[in-house]
Amino acid sequence: MIWDYLGLTRIYTKRKGQQPDLAEPVVLSAIRKGTTVAALCQNISSQMLRDFNFAMVWGKSAKHSPQRCGVNHPLSDEDVVQIVTKTNAQQRQDKNYQSMVQGFSDKYHKKKFDAKKKKQGRLRR
């Protein structure tokens, strides 16, 4: 099949309490980023990888359905994956939580300050 020849893997995503989305798979390549749960998270969002807790996997790569897996679990073609992120309480327990929140705050205030400066520059003209 063409998917095997090109080294591509189709991974279907599933939200909690819903049916899997079989219409639009996430396509991963073994050559580029790999076919692990970490590559899937990175493909969807880097924030998802940062807040990753565990994944539930259904399909050929799972020993039983569903299997609770970590980020290094290799995925097979047409697996269904549900990614579970950390709760807010778990995120607060992270050692780098304070620096992450401070970074977001700094970025927000810089953006707000730059917008204010830009607006003042337009008013002076």
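Rules and cut-offs
- Residues numbered from 1 in each chain as written.
- Predicted model: local features only at pLDDT ≥ 70, side-chain atom pairs only at ≥ 80, totals over all residues.
- Heavy atoms only, no water.
- Patch = residues over 30% accessible without salt bridge, like charges linked within 9 Å, V, L, I, M, F, W, Y side chains within 5 Å.
- Areas by Shrake-Rupley, 256 points an atom, 1.4 Å probe, with all protein chains shown as cover.
- Salt bridge = Lys/Arg side-chain N within 4 Å of Asp/Glu carboxyl O.
- Helix = DSSP H or I, 4+ residues; strand = E, 2+ residues; numbered from the N terminus.
- Buried < 20%, exposed > 50% of the residue type's maximum accessible area, 1.4 Å probe, protein only.
- Contact = heavy atoms within 4.5 Å.
- 1 Å grid on protein atoms, 1.4 Å probe; cavity = no way out; pocket = protein on both sides within 12 Å on 5 of 7 lines; lining within 4 Å.
- Points joined across faces, edges and corners; volume = space filled by probe spheres on them.
- Nonpolar A, V, L, I, M, F, W, Y, C, P; charged D, E, K, R; others polar.
- Phe/Tyr/Trp six-rings, centres within 6.5 Å; stacked < 30°, edge-to-face > 60°.
- Lys NZ or Arg CZ within 6 Å of the ring centre and 35° of its normal.

Caption draft 1: Seen up close, a nonpolar patch on the surface. Together, Met 1, Ile 2, Tyr 5 and Leu 6 make up a nonpolar patch on the protein surface, roughly 530 Å² of accessible area in all. Residue position: Met 1 is located in the segment before helix 1 (2–6).

Caption draft 2: View of helix 2 (residues 37–44). Inspection of helix 2 places Val 37, Ala 38, Ala 39, Leu 40 and Cys 41 among the buried residues, and these make up the whole buried set. For helix 2, the elements touching its buried residues are strand 1 (8–13), strand 2 (26–29), helix 3 (46–50), strand 3 (52–58) and strand 5 (79–85).

Caption draft 3: Representation of the layout of surface pockets in the model. When its volume is computed, the largest pocket comes out at roughly 270 Å³. Residue lining of the largest pocket: 13 residues in total, with Thr 13, Lys 14, Arg 15, Met 48 and Ile 83 positioned closest to the centre. With four residues, the top contributor of residues to the lining of the largest pocket is strand 5. The residue inventory of the lining of the largest pocket, partitioned by class, reads five nonpolar, five polar and three charged.

Caption draft 4: Broad picture of the packing of aromatic side chains. The tally for this structure, following the rule as stated, stands at zero aromatic pairs. The positively charged end of Arg 68 is found above the aromatic ring belonging to Phe 54, 3.8 Å away from the centroid.

Caption draft 5: View of the pattern of salt bridges. As enumerated under the stated definition, the model contains four salt bridges in all. With a shortest N-O distance of 2.8 Å, Asp 77 and Arg 10 are connected by a salt bridge. Taken as a pair, Asp 77 in the loop between strand 4 (67–69) and strand 5 and Arg 10 in strand 1 lie far apart in primary sequence, 67 residues in all. A salt bridge links Glu 78 to Arg 10; the nearest nitrogen and oxygen atoms lie 3.1 Å apart. Taken together, the residues Glu 78 in the loop between strand 4 and strand 5 and Arg 10 in strand 1 connect sequence positions 68 residues apart. Exposure remark for Glu 78: the relative accessible area of 38% places this residue in the partly exposed category. In this structure Arg 10 comes out as buried when scored by relative accessible area, which is 10%. Each member of the salt-bridge network shares a partner with another, and the members are Arg 10, Asp 77 and Glu 78.

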